[in-house]
Amino acid sequence: MPKSPTKRRPVTVAALNESALALFVEQGFHATSIHDIVSRAGLTRGAFYSNYQDKEELFLALYDQQADQLLADLREAAGRLRPGRELPSHLLRHLAGRKRADQRWFLLSMEFTLHAARHPEVARQLAEHEARLIGGLAELIDDALAKAGHAARVRPRELARLMVILHEGATAMRLTEEAHGTPEEFPEELIHHILDALFRPADDAG
């Protein structure tokens, strides 16, 4: 018996997502057309528009997938944290050691961010998805600090934003340095000192 449209949909969405991610990474968001995506997936344009309104909506679905995987990886990394006050720098070191594929995603994400900056409605949507990622990271930080018996001098959400800013800035610098043939080590010690200054034992919170 043929599968119903409802049962086929997860397979179709997975095929579209896989095709789009590969093409976006290979040739960029702007250079990839909907025709390219459905052709690589072996689907029709009708299949695309039955699931996504446009390329932007598909990209944001991929963004959520990447964010969920990142948070899962960071939760695992936080669970391996040694006692002490080094949670944020520990997570940043984990981020710094991620695979080359994550750097390619970073380039794609930056391309889409610039695209969104020129289109207010897309920017609004991207901001909502980014807020979801920041919220998940803040919750992770808050839980891990409570278990370690420490607190931060800033709210977990602001600490999460700072971590993202530091990571994205360091990644951008590393990519340009590698392209120029002069890569430097991730500035772990400097970042550790910056973040360590934001902490205190939980019993000093008052």
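Residues numbered from 1 in each chain as written. Predicted model: local features only at pLDDT ≥ 70, side-chain atom pairs only at ≥ 80, totals over all residues. Heavy atoms only, no water.

Observations regarding the overall build of the chain
Logical step 1: The number of helices and strands found in the chain is nine helices and two strands.
Logical step 2: Each helix and strand of the chain, ordered N terminal to C terminal, gives the series α-α-α-α-α-α-α-β-α-α-β.
Logical step 3: The burial tally for the chain puts 39% of its 206 residues in the buried class.
Logical step 4: Accessible area of the chain: about 12000 Å², with a carbon and sulfur share of 55%. (Helix = DSSP H or I, 4+ residues; strand = E, 2+ residues; numbered from the N terminus. Buried < 20%, exposed > 50% of the residue type's maximum accessible area, 1.4 Å probe, protein only. Areas by Shrake-Rupley, 256 points an atom, 1.4 Å probe, with all protein chains shown as cover.)

Focus on the pattern of salt bridges
Logical step 1: All chains considered together, the criterion is met by seven salt bridges.
Logical step 2: Between Glu 158 and Arg 161 there is a salt bridge, with its nearest N and O atoms 3.7 Å apart. With Glu 158 and Arg 161 both in helix 8 (residues 156–180) and three residues apart, the pair spans about one turn of that helix.
Logical step 3: Among the residues examined, Glu 158 registers a relative accessible area of 32% and is labelled partly exposed.
Logical step 4: Look at Arg 161 and you get partly exposed, because its relative accessible area is 43%.
Logical step 5: Put simply, Asp 64, Asp 68 and Arg 132 are held in one network by salt bridges that share partners. (Salt bridge = Lys/Arg side-chain N within 4 Å of Asp/Glu carboxyl O.)

Notes on helix 4 (residues 55–79)
Logical step 1: Between its terminal C-alpha atoms helix 4 stretches 36 Å, which fits the 36 Å expected from 25 residues at 1.5 Å a residue.
Logical step 2: One side-chain oxygen at the N-terminal end of helix 4 lies 3.2 Å from the backbone nitrogen of Glu 56; it belongs to Asp 54. (Expected span 1.5 Å × (residues − 1). Polar contact = N/O pair within 3.5 Å; in protein donor to acceptor, adjacent residues only side chain to side chain.)

So, the UniProt feature "DNA-binding region" (unreviewed entry) in the chain
Logical step 1: According to UniProt, the positions carrying the feature "DNA-binding region" (unreviewed entry) are residues 33–52.
Logical step 2: Annotated as 65% helix and 0% strand, the span residues 33–52 places its first and last C-alpha atoms 14 Å apart. (UniProt positions renumbered as here; feature names shortened; annotations may be inferred.)

What to know about the environment of Arg 104
Logical step 1: Here Arg 104 is to be found in helix 6 (residues 100–117).
Logical step 2: Considering only alpha carbons, one finds Arg 104 and Leu 175, 71 residues apart in sequence, at a separation of 9.9 Å.

Notes on helix 2 (residues 34–41)
Logical step 1: For helix 2, every residue scored as buried is listed here: Ile 34, Ile 37 and Val 38. Here the buried residues of helix 2 occupy an arc of 90° about the axis, which is enough to place them on one side.
Logical step 2: Once helix 2 ends, the next one or two residues include Gly 42, with phi positive near 70°. (Arc of directions from axis to C-beta.)

Description of the side chain of Asn 17
Logical step 1: Summarising the element assignment, Asn 17 is placed in helix 1 (residues 5–27).
Logical step 2: When sequence neighbours within four positions are dropped, the list of residues in contact with Asn 17 reads Tyr 52, Leu 58, Leu 62 and Gln 65. (Contact = heavy atoms within 4.5 Å.)

Focus: the packing of aromatic side chains
Logical step 1: Taken as a whole and assessed by the stated rule, the structure comprises seven aromatic pairs.
Logical step 2: Their ring planes at 80° and their centres at 5.2 Å tell us that Phe 48 and Tyr 49 sit as a pair that is edge-to-face.
Logical step 3: Relative to Phe 112, the ring of Phe 59 lies with its centre 3.9 Å away and its plane at 15°, an arrangement referred to as stacked. Placement of the pair is Phe 59 in helix 4 and Phe 112 in helix 6, with a sequence separation of 53 residues. (Phe/Tyr/Trp six-rings, centres within 6.5 Å; stacked < 30°, edge-to-face > 60°.)

Things to note about the nonpolar core
Logical step 1: Among the nonpolar cores identified, the biggest contains 41 residues, and Phe 24, Leu 58 and Phe 59 are the most heavily contacted of them.
Logical step 2: Among the secondary structure elements, those contributing two or more residues to this core are helix 1, helix 2, helix 4, helix 6, helix 7 (120–148) and helix 8.
Logical step 3: Top element by residues in this core is helix 4. It accounts for eleven residues.
Logical step 4: Two domains each donate at least three residues to this core, and these are domain 1 (1–52) and domain 2 (55–204).
Logical step 5: Residues in contact with Phe 59, not counting those within four places in the same chain, are Phe 24, Phe 29, Trp 105, Leu 108, Ser 109 and Phe 112. (Core = buried A, V, L, I, M, F, W, Y, C linked by side-chain atoms within 4.5 Å. Domains from an automatic or database assignment.)

Concerning the confidence of the model for the chain
Residues shown with low pLDDT carry predicted positions that ought not to be read at fine detail.
Logical step 1: In this model, the chain carries a mean pLDDT of 82, and residues with pLDDT of at least 70 account for 72%.
Logical step 2: Per-element averaging of pLDDT across the chain places strand 2 (residues 199–201) at the bottom with 53 and helix 2 at the top with 98. (pLDDT = per-residue confidence, 0-100.)

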